[in-house]
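# Descriptive structure summary
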Amino acid sequence: EFSFYIGGIKSTKPTGTYTVKQAIDLIRSEKYRAAVEHIRRMQNESTKRVLKAGLDNWTFSGVFAPKRAVDNLAKHSGLLTVDFDHISDVDHVRAELYADEYTHAGFISPSGEGIKLLVKIEGTRHEESFEALKAYYLTKYNLAADASGRDVSRVCFASWDPDAFMNEGSSE
């Protein structure tokens, strides 16, 4: 389980907890479709950032209480978010990443130009796992992971992706 926040990036008090299946089902649903399609149509990057910051979000790496902050991690989820931005051929890269044994779940980012992956890790080794995964994806796929994945309290914004992926049998 991990925390969920309604009301955008400024909301630091969790409004509930989710499982990966619940999050992927929500991303596949129509709930965020209109907002995400609006973001994807925007040409101005700063406007995109502002709109994205208003989306509901998760801290996939854990449950935080009483509010989202590194020091308030109540329980690590055993997940790490790996974020790849500015991908020119999202469909091709997505197919490769979803076939990878370590991909537990994945979806297209709100911008439509990135991919978010959830990977199972040993929760007590979050930063070490991030560094290992960062090297793995760079070596195997020539993809640079966004450094924000190192932060256990980082949020991941809700998106709309009817083809969001989940693999219950992924490796750790």
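Preceding block: the structure.
First things first, this report covers the structure right here in the doc. Throughout, residues of each chain are indexed from 1 in the direction in which the sequence is written. Given that this is a predicted model, residues contribute local features only at a pLDDT of at least 70 and side-chain atom pairs are listed and counted only at 80 or more, while totals for whole chains, interfaces and linings are drawn from all residues. Only hydrogens and water are removed before side-chain values are computed, so all heavy atoms of the structure are retained for them.

## Regarding the nonpolar core
For this analysis, a nonpolar core means a set of buried residues of the types Ala, Val, Leu, Ile, Met, Phe, Trp, Tyr and Cys, connected via side-chain atoms within 4.5 Å. Using a 1.4 Å probe on the protein chains alone, a residue whose accessible area is under 20% of its type maximum counts as buried, one over 50% counts as exposed, and one in between counts as partly exposed. Counting 24 residues, the largest nonpolar core has Phe2, Trp58 and Phe60 as the members making the most contacts within it. Only DSSP runs of H or I with at least four residues qualify as helices, and only runs of E with at least two residues qualify as strands; both kinds are numbered from the N terminus onward. Of all elements in the fold, only strand S1 (2-5), helix H1 (20-28), helix H2 (33-41), strand S7 (103-108) and strand S9 (156-157) reach the threshold of two or more residues within this core. No other element matches H1, which puts five residues into this core. With 19 residues, the next largest nonpolar core counts Leu80, Val90, Tyr98 and Leu143 among its residues.

## Some remarks on the pattern of salt bridges
Put simply, a salt bridge is a Lys or Arg side-chain nitrogen that is within 4 Å of an Asp or Glu carboxyl oxygen. A complete count under the given rule lists 13 salt bridges for this structure. Asp91 is the partner of Arg94 in a salt bridge, and the nearest nitrogen-oxygen pair spans 3.7 Å. Taken together, the residues span about one helical turn, with Arg94 and Asp91 both in helix H4 (residues 90-98) at a distance of three residues. Residue Arg94 is classed as buried on the basis of its relative accessible area, which comes to 11%.

## Thoughts on the sheet that holds strand S6 (residues 79-84)
A pair of strands is labelled paired if DSSP reports no fewer than 2 bridges between them. Strands sit in the order S6-S8-S7-S10 across an open sheet of four strands; the sheet is antiparallel. Only two strands of the sheet have a single neighbouring strand rather than two, namely S6 and strand S10 (165-166).

## Looking at the layout of surface pockets
Space inside and on the surface of the protein is sampled on a 1 Å grid over the protein atoms alone, with a cavity defined as a set of points where a 1.4 Å probe fits but cannot get out and a pocket as an open set with protein on both sides within 12 Å along at least 5 of 7 lines; lining residues have an atom within 4 Å of a point. Grid points are joined across faces, edges and corners, and a volume is the space filled by probe spheres set on the points. In this structure, the largest pocket spans a volume of roughly 390 Å³. Lining the largest pocket are 20 residues, and of these Arg49, Lys52, Asp85, His86 and Ser111 lie nearest its centre. Residue assignment for the lining of the largest pocket shows that the elements contributing at least two residues are helix H3 (45-53) and S9. Of all the elements, H3 adds the most residues to the lining of the largest pocket, at four residues. Put simply, Ala, Val, Leu, Ile, Met, Phe, Trp, Tyr, Cys and Pro go in the nonpolar bin, Asp, Glu, Lys and Arg in the charged bin, and everything else, Gly too, in the polar bin. Classifying every residue of the lining of the largest pocket by side-chain character gives five nonpolar, five polar and ten charged.

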